[in-house]
Amino acid sequence: MDTLVSPDPKALGSILKSGGLVIFPTETVYGIGASSENEEACLRIYQLKNRPSDNPLICHYDSIERIEFHCVLSPLGRKLLETFSPGPLTLVLRKKNRNLFPKELNTVAVRIPKPEVVRNMIQYAGGVVSAPSANLSGRPSLTRLEDIKFYFLGKVDGILVAPDPEIGIESTVLDLTSDDPVFLRPGTIEFGDLQTLIPNLRRIPSLAEREKNEVSPLSPGLKYKHYSPKAKIILCSREEFVAKVQGNDSEVISGKKWGAIGFSILENSVSSSKGIRFVDSYAEYTKELYAFFESCDKMELDLIFCEVPIEERGTEGLRNRLFKAAEKLS
Ligand code: TXA
Ligand code: MG
């Protein structure tokens with residue numbers, strides 16, 4: 001298959017409109033899109049990603065007005081979109097437009113991506129594009145054009161060329177379909193940011209609680225293992241991270257190829273040739289995380305040591321993805 005690789009939102013929008021698959025960068029991660037009203041095209045995304053068929057896709061919109069036309073938007077929903085959109089917030093709403101994929105579901109996840117070129121493309125595509133993250137199911141999302149080309153060139157109809165995602169992890173997902181909104185997935189918009197607008201915001205029950213009460217997952221994505229690279233992730237405190245990269249703990253790693261990501265070490269005499277990535281802020285760590293995992297897998301490393309940032313503002317989404325990658329969270 002020929003893949004059109006182009007910065008032209010009109011050309012890629014018309015590919016989507018005629019039933020093609022297009023990969024595009026959002027502010028969070030790359031997405032792989034199809035027209036939301038074209039069931040056949042949406043189903044092709046599942047084949048390509050090897051995605052479980054019961055995990056629905058996010059509908060990407062170009063405007064709040066169109067969301068309101070397709071979905072039931074409460075005053076709270078509107079206020080949240082006005083506050084955080086375009087941006088990394090996804091809302092699960094009740095559907096008005098029954099044709100949105102998947103038709104059997106009466107709820108739909110919606111968001112308005114930040115890059116203007118992407119919103120233009122969505123407009124040319126007809127106003128709504130279903131897209132999961134552009135990665136093989138179970139693998140970390142992709143955040144660099146070079147990685148997108150490596151996996152998907154020749155397998156999709158188009159790739160929109162625009163700046164790589166600035167955030168690096170997926171959007172925050174919030175379910176507004178019940179009286180008490182539920183915080184389903186953290187991103188860079190955090191529980192605390194939303195709680196100021198939603199005093200009755202609930203967290204999802206833990207896996208243990210869900211199992212005990214036999215509650216079906218509120219969001220199908222929650223029951224799948226996510227975001228893991230091939231290399232084994234080992235979570236570290238600051239002290240452990242410093243000891244590892246300075247080679248004080250060679251016993252644990254002998255015979256294994258390893259990489260490490262964490263905050264910079266002053267008086268740093270460590271070379272970066274082993275796949276060591278130092279970051280200087282939570283935002284940089286978040287942006288680099290998946291790209292680094294992907295690089296480590298290309299280098300065929302066995303282990304990746306990741307410094308876990310402390311629990312404070314700016315780390316909720318990052319900590320969630322680290323715990324998920326280390327399979328310490330479901
Ligand atoms: O940042 C993002 O959200 C990226 C970019 C491309 O927009 N997309 C993304 O999509 O991360 P995906 O498919 O990897 O994650 C969507 C999540 C899944 O956990 C899915 O189960 C949940 O949203 N979801 C989608 N529709 C839902 C619905 N109707 N009810 C509950 N959860 C839903
Ligand atoms: Mg995904």
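Residues numbered from 1 in each chain as written. Chains lettered and ligands numbered in written order. Predicted model: local features only at pLDDT ≥ 70, side-chain atom pairs only at ≥ 80, totals over all residues. Heavy atoms only, no water.

J.: What exactly am I supposed to notice about the side chain of S36 here?
T.: Examined against the element boundaries, S36 turns out to sit in the loop between β3 (30-35) and α2 (39-49). The class for S36 is buried, based on a relative accessible area of 0%. Each residue touching S36, except ones within four places of it in the same chain, is listed here: C42, C59, N99, L100, F101, V128, V129 and S130. (Helix = DSSP H or I, 4+ residues; strand = E, 2+ residues; numbered from the N terminus. Buried < 20%, exposed > 50% of the residue type's maximum accessible area, 1.4 Å probe, protein only. Contact = heavy atoms within 4.5 Å.)

J.: Is there a simple way to think about the site of ligand 1 in this case?
T.: Close to ligand 1 lie 25 residues, the nearest being T28, N55, H60, S171 and S219. Interatomic distance of 2.7 Å between a side-chain N/O atom of H60 and an oxygen atom of ligand 1. Bound to the protein, ligand 1 loses 96% of the 680 Å² it would expose on its own. Taken together, the elements giving at least two residues each to the shell around ligand 1 come down to β3, β4 (58-61) and β7 (107-111). The biggest single contributor to the shell around ligand 1 is β7, with 4 residues. Counted by class, the shell around ligand 1 contains 12 nonpolar, 9 polar and 4 charged residues. (Near = heavy atom within 4 Å. Polar contact = N/O pair within 3.5 Å; in protein donor to acceptor, adjacent residues only side chain to side chain. Areas by Shrake-Rupley, 256 points an atom, 1.4 Å probe, with all protein chains shown as cover. Nonpolar A, V, L, I, M, F, W, Y, C, P; charged D, E, K, R; others polar.)

J.: Explain the pairing of strand β11 (residues 182-185) here, please?
T.: Here is the key point about a regular strand: its side chains alternate between the two faces of the sheet. The pairing of strand β10 (residues 172-175) with β11 spans 3 bridges and is antiparallel. Pairing of L174 across the sheet is with F183, part of β11. Where β10 folds back onto β11 in an antiparallel hairpin, the turn is made up of 6 residues. One ladder, built from 2 bridges, connects β11 with strand β12 (residues 202-203); its direction is parallel. What sits directly across from F183, in β12, is R203. (Pairing = 2+ DSSP bridges.)

J.: I would appreciate a short explanation of the side chain of S130 in the present structure.
T.: As for its position among the elements, S130 is in strand β8 (residues 128-131). At 2.8 Å, the side chain of S130 and the side chain of S36 are in polar contact. Contacts of S130, omitting those with residues within four sequence positions, involve I32, G33, A34, S36, C42, I45, L57, I58, C59, H60 and F101.

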